[in-house]
Amino acid sequence: MASRGKLTKKDIDTLAVLSIFEQVPFSYERMQAGGYTCCMGYVLDKIYADDPEQKADALKRNMTFINTEPHMATFMLGLQASLEEAGEDRDLIMNIRNGLFGPFAGLGDAIFWFTLLPVTATICCSMAAEGNPLGPIIYIVLWFLLAILPRIWFCRLGYKLGTKAVDLIADNAPAIAKAAGILGVLVVGGLIPSYVAFAFNEGLVLIGGVPVQGIFDSVLPNILQLGIVLLFWFLMKKKNVSSVTLIGIILVASVVLTYFNILAY
């Protein structure tokens, strides 16, 4: 990534790292504006070192409301730094900033908070539940990497693409969000057997001594767990049954069926 004049690759990477503290001065009036402006202040010091009026105007206008996903904020910081350095019209820069933070919030949430981090946590918790000490260690390491590396990549990408990035992201945002959602459902769905325990008592047999649990296992292992999850999804999604009600049903059904030796325990 070549310098465009006053900013270097090191400056862009420093801007990305500074974005970690973007939410420190969070307020309910302007949300992330204070932290976002502090981050931009680092590059504005270099861009407008000889023009304090332009710097002051840029800082003041960045204090307007903004609330986006923290990782994606680095893309916007890089993009805005590129536009400021190129001398683009300040109204255009602010319009782009204000128009992107909402869509980027949804995109970032879909990628990081609804997919990468929950999937990582699910896998690592499964390892920890089996007594594997690598579970929490891997999770801490991955959390650290996800907190740093994507910010640097996005900030570099935003700076490198400049105004071209707007059309690129706008055209592909729905596909990216959908792909992330599919990946999350696929991985979490594959972990159902690790978190849902449902099996008939070994003593529950049909005429001829055929165990009921053996029938389901021969058809498809873990099919009962899958069926239970789909049943609960149907009740919540289609019948509007609340999660509290479902918990009550599970507790009562578990006690009753176990008492009569229908379920294994």
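Residues numbered from 1 in each chain as written. Predicted model: local features only at pLDDT ≥ 70, side-chain atom pairs only at ≥ 80, totals over all residues. Heavy atoms only, no water.

Enquirer: I'm lost on the nonpolar core in this one. Help?
Expert: Counting 32 residues, the largest nonpolar core has Leu7, Leu15 and Met76 as the members making the most contacts within it. Of the residues forming this core, the biggest block, 8 residues, is contributed by helix H5 (residues 90-129). With near-sequence residues (within four places) excluded, Leu7 lies in contact with Ile12, Val43, Lys46, Ile47, Ala81, Glu85 and Tyr159. (Core = buried A, V, L, I, M, F, W, Y, C linked by side-chain atoms within 4.5 Å. Buried < 20%, exposed > 50% of the residue type's maximum accessible area, 1.4 Å probe, protein only. Helix = DSSP H or I, 4+ residues; strand = E, 2+ residues; numbered from the N terminus. Contact = heavy atoms within 4.5 Å.)

Enquirer: Looking at this structure, I do not really get the pattern of salt bridges. What am I missing?
Expert: Close approach of charged atoms allows side chains with opposite charge to pair. Counted by the stated rule, this structure contains 8 salt bridges. Of the charged contacts in the structure, one is a salt bridge between Lys46 and Asp11, with a shortest N-O distance of 3.8 Å. In this pair, Lys46 is assigned in helix H2 (residues 33-47) and Asp11 in helix H1 (residues 9-18), connecting sequence segments 35 residues apart. The residue Arg61 makes a salt bridge to Asp91 at a minimum N-O spacing of 2.6 Å. (Salt bridge = Lys/Arg side-chain N within 4 Å of Asp/Glu carboxyl O.)

Enquirer: Even after reading the chapter, I still don't get the packing of helix H4 (residues 70-85) against H5, so can you show me in this structure?
Expert: A pair of packed helices is captured by two measures, namely the crossing angle of their axes and the spacing between those axes. Where H4 contacts H5, the axes come no closer than 7 Å and their chain directions differ by 155°. Between H4 and H5, the crossing angle belongs to the class labelled roughly antiparallel. Crossing hand, H4 versus H5: right-handed. Touching Pro70, His71, Met72, Phe75, Met76, Leu79, Gln80, Leu83 and Glu84 of H4 are Arg90, Ile93, Met94, Ile96, Arg97, Leu100, Phe101, Phe104, Leu107, Gly108, Phe112 and Trp113, all from H5. The residue makeup of the contact of H4 with H5, split by class, is 15 nonpolar, 3 polar and 3 charged. (Axes fitted to C-alpha atoms, helices over the stretch in contact; angles between N-to-C directions. Parallel < 35°, antiparallel > 145°, perpendicular 65-115°, else oblique. Left-handed = near helix turned anticlockwise from the far one by under 90°. Nonpolar A, V, L, I, M, F, W, Y, C, P; charged D, E, K, R; others polar.)

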